[in-house]
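# Examining the three-dimensional arrangement
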Amino acid sequence: MSTPGHALTSASELAAALSALPDPLFIMKSVRDPDGTITELRYAFVNEAGARLYGLPVEAVLGHGQCELFGSVHERSIFETCVGVIDSGSPISFDVPPLHDGVGGSFRLTAAPFGDGLLVSARDISEQQQAELALAESEERYRMVAENATDLVVLARPDRTIVWTSPAVTHVTGWTAEELVGTQLADLVHPDDRTATTTARASLYPGDPITPPPGGFVVRIRTRSGAYRWMSTGVNPVTDESGLDAGVVANIKDVDDLVRARESALADRAAALADRANLRATVDSLLDPHVLLGAIRDASGQIVDFVYLDANPAACAYNRVSYEDLIGARLLDLLPGHEDTETFESYRRVVETGEPLVLDDVVYAQELLGGAERHYDTRAARVGEGLSLTWRDITDRHSATERREEFLSHVSHELRTPLAVVHQFTSLLTDGIGGPVTPKQQDFLAVVMRNVGQLKVMIDDLLDVTRSGNGRLTIICQELPLGDALTEATEGFGWLAKKRHVTLSTSFGELPPVYADPARLNEVLANLFDNALKFTPPGGTITVEAVPQDGEVRVAVRDSGRGLHPEDIERIFEQFYQASNHGDESRSGLGLGLFICRDLIERQGGTIVARSSLGHGTSMIFTLPIATDEQRAPRDKQPPK
């Protein structure tokens, strides 16, 4: 028997020790044919673990051959491998699948020569293979995810040398994997962003996609074109099985568009704040009062009042209240006279429809001035759920206008009587009632008569202007054959055109009747013909054209005169305005003719415009509505537009 600390000396002790091993163990002896070729390996020893591996009792294995028990050893080259160990005398390890359907799992066999046979030990490697397979599958899945991710993934060694990049890196930066592998991560970062201070930039944008993950930062990454793009970068350490540093994985998100959009928005906001400050300064510097009103609605949604939201100093001064007291006050509390007025309704319409408001010469009994009637020009536009309101007190100007019109009317009437006397007695002298008149005296009297005519035209123009201003200008429209009216007016000026060697003609076909005032139309045509003859040189032409279109007739009086400057065209219809490029002959009037023409045409439902260029004549074009079965209401006593 053995003693502790001594080697096993007996076969029984060795067999007992081998039987107790946890791994399967086999001893097989060679069976050779007469030629010495090994034809079978017969089991001489099998421990309990080996019997369990085969799924057979020990007695069923001992004395039997490997090929006898397991026919598949030839198919799997196990028998041949074992024979090779005996022939070569060298041990070997190799992996084998299950020997037969009754035995599960894969094993790693270690075979060593043992006399004229083999000593074979086996170890179950099924769990190890499964773990390795799972690891391979996991690595493959990670690689597939990384290669198909929209974010950029970069794997680097501990020294931050790039060893692998995902395809997204090439898509975003243009760098290929071959170009990046072996380079340093830091080489791609903008020099100004290579310090930890770049983390401070990310803190400017908390809570949005630009913010990098914990421990990350926002930097500019250089692309293959040399341009830089903003990237949100997170770096995660990678360790090996022993826990040592194996490198880093950088997860990078392209946020260039977001960063630049945010920077643009910040710049726009700064500009907006500057614009707001400029607007505030502009509004505060206005001489006219300006307020911002917010609409107040009842339960049904109807606007019932307005609240003061903002005001410039002029508005506070006019309302005789401080800014602090005005802001938050209600319009109808401050100015109760607005309630149930057309002005208040106009304010409501601005908010409801968005249409701007233009009111001229509105009369209002101003409570803040003791109920005195004042005249205002008012402008308003919708701003959100309220309106921007500006007004101008024109009471003094209105009074001055009334006094001027009263003066002009009085002077015009007073001049008509002595002018009529001058005209009458000049006619008597011309006719020889006072005695013989020499040819030279006739010429003198003709000059007097011509100037008397010009004075009469001026006085009539002044009267028309004053009547228009005070609402006493009468317009009586009726169905009127326009073709006849144009022909008669043209023929009436034919003698004067002939005298000045100017060709006056018409060019129109059959025209529909228009709805107009015959006397006022003749007055318009007389003014236009007079201007055309005045500025058309001898040998020139004046043509009257007319054509119906879109429910109205378009009439044009065209001359071949010297034309107008562009700045004159814009102001030619203003009161008392005279063109700058005309000679002394243009100064024979007051500059009221075209002003009166526009007023008369617009009162009859038409429009009038001037078309001209220097050296190419002038066209005065006006329209009149075609008469219909439902005639338009008379336009008597309407204020000028």
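In this report, the structure presented in the accompanying data block is examined. Computed from a predicted structure; not experimentally measured.

Per the secondary structure count, the protein includes 22 helices and 22 strands. A separation of at least 24 residues holds for 52% of the contacts in the protein among residues at least 6 apart in sequence. With an accessible surface of roughly 35,700 Å², the protein has 55% of that area assigned to carbon and sulfur atoms.

On the surface, Val-421, Phe-425, Leu-428 and Ile-433 cluster together to form a nonpolar patch covering roughly 370 Å² of accessible area. In this structure, Leu-428 sits in helix H16 (residues 395-430). Given a relative accessible area of 32%, Leu-428 falls into the partly exposed group.

Right, let's talk about the sheet that holds strand S4 (residues 107-113) for a bit. A sheet is described by the order of its strands in space; here five strands give the open sequence S2-S1-S5-S4-S3, paired in antiparallel fashion. Because the sheet does not close on itself, it has two edges, and the strands there are strand S2 (38-46) and strand S3 (92-96). Sheet twist, expressed as the average angle between the axes of neighbouring strands with direction ignored, equals 30°. Judged from the seven bridges that link them, S4 and strand S5 (residues 117-124) form a sheet pairing that is antiparallel. Residue pairing across strands places Thr-110 opposite Ser-121, the latter belonging to S5.

The next point concerns the sheet that holds strand S14 (residues 372-382). Reading across the sheet, the five strands line up as S12-S11-S15-S14-S13 and stay open at both edges, with antiparallel pairing between neighbours. Two strands close off the open sheet at either side, each with one partner strand: strand S12 (303-311) and strand S13 (357-366). For this sheet the average axis-to-axis angle between neighbouring strands, irrespective of direction, equals 35°. The sheet contact formed by S13 and S14 spans eight bridges and is antiparallel. In the sheet register, Val-358 faces S14, and the bridge partner there is Arg-379.

This part takes up the pattern of salt bridges. Evaluation of the coordinates by the stated rule reveals 20 salt bridges. The shortest N-O distance in the salt bridge between Glu-352 and Arg-297 comes to 2.9 Å. Taken together, the residues span a long stretch of sequence, with Glu-352 in helix H15 (residues 342-353) and Arg-297 in strand S11 (residues 290-297) at a distance of 55 residues. Asp-360 is paired through a salt bridge with Arg-379; the nearest N and O atoms lie 2.9 Å apart.

Moving on: unusual backbone geometry. Even without a glycine there, the phi angle at His-501 is positive, about 60°. Tracing the sequence through the fold places His-501 in the loop between helix H19 (494-499) and strand S17 (503-507). For His-501, a relative accessible area of 58% puts it in the exposed group. We note that Asp-550 has phi near 55°; this positive angle belongs to a residue other than glycine. Topologically, Asp-550 is positioned in the loop between strand S19 (541-549) and strand S20 (552-559).

Another aspect to go through is the nonpolar core. Counting residues in each nonpolar core, the largest one holds 46 residues, and the members touching the most others are Leu-482 and Phe-622. Ranked by residue count, the leading element in this core is helix H20 (residues 518-535), at seven residues. Contact partners of Phe-622, with chain neighbours within four places excluded, come to Leu-521, Leu-525, Leu-528, Val-553, Arg-554, Val-555, Ile-601, Thr-607 and Ile-608. Core analysis: the next-biggest nonpolar cluster, separate from the first, contains 28 residues, Leu-41, Val-58, Phe-70 and Val-85 among them.

Moving on, we get to the environment of Leu-521. With respect to the helices and strands, the residue Leu-521 is situated in helix H20. Once the C-alpha coordinates of Leu-521 and Cys-597 are considered, the two residues, 76 residues apart in sequence, prove to be 8.8 Å apart. When sequence neighbours within four positions are dropped, the list of residues in contact with Leu-521 reads Leu-480, Leu-482, Ala-485, Gln-604, Phe-622 and Leu-624.

Mapped onto the elements, Glu-40 comes out in strand S2. In terms of polar contacts, Glu-40 uses its side chain to reach the backbone amide nitrogen of Gln-66, at 3.1 Å. In terms of polar contacts, Glu-40 uses its side chain to reach the backbone amide nitrogen of Glu-68, at 3.2 Å.

So, how was this worked out
Residues numbered from 1 in each chain as written. Predicted model: local features only at pLDDT ≥ 70, side-chain atom pairs only at ≥ 80, totals over all residues. Heavy atoms only, no water. Helix = DSSP H or I, 4+ residues; strand = E, 2+ residues; numbered from the N terminus. Contact = heavy atoms within 4.5 Å. Areas by Shrake-Rupley, 256 points an atom, 1.4 Å probe, with all protein chains shown as cover. Patch = residues over 30% accessible without salt bridge, like charges linked within 9 Å, V, L, I, M, F, W, Y side chains within 5 Å. Salt bridge = Lys/Arg side-chain N within 4 Å of Asp/Glu carboxyl O. Buried < 20%, exposed > 50% of the residue type's maximum accessible area, 1.4 Å probe, protein only. Pairing = 2+ DSSP bridges. Axes fitted to C-alpha atoms, helices over the stretch in contact; angles between N-to-C directions. Core = buried A, V, L, I, M, F, W, Y, C linked by side-chain atoms within 4.5 Å. Polar contact = N/O pair within 3.5 Å; in protein donor to acceptor, adjacent residues only side chain to side chain.

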